[in-house]
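Here are the chains, one letter per residue:
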Amino acid sequence: MSKKARWTTRDIGDQAGRVAVVTGGNSGIGYETVKALAEKGAHVVVAARSAERGQAAVDRVKHDVAGAEVELMLLDLADLDSVRDFARDFQQRYDRLDLLINNAGVMNPPERRETANGFEMQMGTNHLGHFALTLLLMELITKTEGSRVVNVSSSVQNMGQLYIDDLQWEGRDYKGMPAYSASKIANMLFTLELQRRLDVAEAPTITTSAHPGWTATNLQADTPLFRALNPIFAMQPWQGALPTLYAAVAPDARPAAYYGPHGVANMRGYPVANRPAKQSLDTALARELWAKSEELVGVTWPLDQA
C-alpha cells in the first residue's frame, strides 16, 4: 500500500452538526473513535457502563480537544432494561443520530457468565445488547439523512462457528474464545440482514462493519497470550480505531462491507476492505439469527415489514 493510500484521521471530513453514539467509548479503540470524531466537530455521546470511567474519558477528550462536544450517557449492554432506558433518554434529548458505532464488547471470560437477562455474556453483550439498542434507535437513525450504523466485529470470527440452536452455550461445554468468535460472527450477520432491511425500507442509512486487527486494548484482560505478545505484534488503539472510523465516515465506504487493516492476515496496517468469515456471509443464517434475536430481546424491526 502506498503512503498516499494510507487512510488516517486526517482524511475525516468536517463532522460539525452531526451526533454520534459510541458504545464502550471510554477506552481502547472506542475512546480513540470518540476523540477523532470530536476533533472533527461531531457531538459525541460516550455510552459507557461505568460512570467513573466514562466521565474520566469525557474529561480527557475535553482536555485534549479544544471545544470538544462530548458527554457521557450510561449504558450497560448486558442489561436490557439499561438498553431501553438509554434509548428512551437519548430520543428525549436528541432529534437526530448520524452515527451509531456499536463498539463495546466482552472477550474471552475465563468461565461462562450470564447477563442480567440470562444470556451468555459474550453473545448477550456483543450481539444481543447492540441488536436491541440499534432497533430501539432505528426510527431516529433513519430520519437522519446520511446516517450510518457501524458494527465492530473481529478477525477472530474466522476461528469459530455460530450454532443457531445453542447461542447461549447451554448444550455444550463452554469455551471462551469460540464463544467470542460466535458473537463476532453474529455482529456480521446482523450487519448483513440490517442492510437488507434498510434497502427494502429505502432508508437513507447504511450499515457497515469493521475490525481492529491486532490492537492492544483492555479487552484482552482475560487472554494472557495476547497480552504477552502485544508488545511485539499489536498496534496502538489510535491505529486500531481507523477501520471503525473509515466505516463510519469515509465517503466510499460500502453498505454491508467489512473493513480492517491491510497487512499480513489483516492484523496490522491501514483500513481497506476485508473479507469476513464464510459463515458471516450466509444470508439465510442472518435472517434466522435476526428472528431469534428479536424473540430473545423482545424488540422488533420498527420500519415496514421486510
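Bear in mind that the values here come from a model prediction, so they are computed numbers and not experimental data.

Asks: Where do I start with the packing of aromatic side chains in this structure?
Replies: The geometry of an aromatic ring pair comes down to the distance between the two centres and the angle between the two planes. Under the definition given, this model contains nine aromatic pairs. Their ring planes at 15 degrees and their centres at 6.1 Å tell us that Phe86 and Phe90 sit as a pair that is stacked. With a gap of four residues between them, Phe86 and Phe90 both fall in helix α3 (residues 80-93), about one helical turn apart. When its relative accessible area of 0% is taken as the criterion, Phe90 is described as buried.

Asks: Please clarify how the pairing of strand β1 (residues 19-23) should be interpreted in this entry.
Replies: On a regular strand, each side chain points to the face opposite its neighbour's, so the side chains alternate between the two faces of the sheet. For β1, the tally of buried residues reaches five of five residues, placing the bulk of the element in the interior. Going residue by residue along β1, you find Val19, Val21 and Thr23 tucked away on one face and Ala20 and Val22 tucked away on the opposite face as well. Direction of pairing for β1 relative to strand β2 (residues 43-48): parallel, over a ladder of five bridges. Across the sheet, residue Val22 finds its bridge partner in β2, namely Val46. Regarding the hand of the β-α-β motif, the stretch spanning β1, helix α1 (residues 28-39) and β2 is right-handed. Here three bridges tie β1 to strand β4 (residues 99-102), and the two strands are oriented parallel to one another. The residue of β4 that forms the bridge with Val21 is Leu100.

Asks: Would you mind going over the pattern of salt bridges with me for this structure?
Replies: Side chains bearing opposite charge may pair, as long as their charged atoms lie close to each other. Applying the stated criterion across every chain yields a total of nine salt bridges. Two residues, Arg18 and Asp98, come together in a salt bridge whose shortest N-O distance is 3.5 Å. Here Arg18, found in the segment before β1, pairs with Asp98, found in the loop between α3 and β4; they are 80 residues apart in sequence, far enough to count as distant. Of the two residues examined, Arg18 and Asp98, each falls in the buried class. Across the pair Arg197 and Glu193 runs a salt bridge, and its minimum N-O distance is 2.9 Å. Placement of both Arg197 and Glu193 in helix α5 (residues 176-200) is noted, with a separation of four residues, approximately one turn of the helix. In this structure, a network of salt bridges that share partners links the residues Arg18, Arg96 and Asp98.

Asks: In this structure, what is going on with the sheet that holds strand β3 (residues 69-74)? I would like to understand it.
Replies: Remark on secondary structure: sheet strands pair via backbone hydrogen bonds, oriented parallel or antiparallel. Taken together, the eight strands give an open sheet; going across it, the order is β3-β2-β1-β4-β5-β6-β7-β8, and neighbouring strands pair in mixed fashion. The open sheet has two edge strands, β3 and β8 (271-273), and neither has a second partner. Across the sheet, the mean angle from the axis of one strand to that of its neighbour is 25 degrees, orientation sign disregarded. In this sheet, strand β6 (residues 205-210) lies alongside strand β5 (residues 147-152) in parallel orientation, the contact comprising six bridges.

Asks: For this particular structure, what's the right way to read helix α2 (residues 51-64)?
Replies: Note on helix geometry: an α-helix contains 3.6 residues per turn, so any two residues three or four positions apart are oriented the same way. Its 14 residues place the ends of α2 20 Å apart at the C-alpha level, agreeing with the 20 Å of an ideal helix rising 1.5 Å per residue. Among all positions in α2, only Gly54, Ala57, Val58 and Val61 are buried. Projected onto a plane normal to the axis of α2, the buried residues spread over an arc of 100 degrees and lie on a single side. Those residues of α2 that are exposed and aimed more than 90 degrees away from the buried face are Glu52 and His63. In this structure, the buried side of α2 is in contact with α1, β2 and β3. The backbone nitrogen of Glu52 has a side-chain oxygen 3.4 Å away, supplied by the residue at the start of α2, namely Ser50.

What counts and what doesn't
Residues numbered from 1 in each chain as written. Predicted model: local features only at pLDDT ≥ 70, side-chain atom pairs only at ≥ 80, totals over all residues. Heavy atoms only, no water. Phe/Tyr/Trp six-rings, centres within 6.5 Å; stacked < 30°, edge-to-face > 60°. Helix = DSSP H or I, 4+ residues; strand = E, 2+ residues; numbered from the N terminus. Buried < 20%, exposed > 50% of the residue type's maximum accessible area, 1.4 Å probe, protein only. Pairing = 2+ DSSP bridges. Right-handed = clockwise from strand over helix to strand, strands pointing away. Salt bridge = Lys/Arg side-chain N within 4 Å of Asp/Glu carboxyl O. Axes fitted to C-alpha atoms, helices over the stretch in contact; angles between N-to-C directions. Expected span 1.5 Å × (residues − 1). Arc of directions from axis to C-beta. Contact = heavy atoms within 4.5 Å. Polar contact = N/O pair within 3.5 Å; in protein donor to acceptor, adjacent residues only side chain to side chain.

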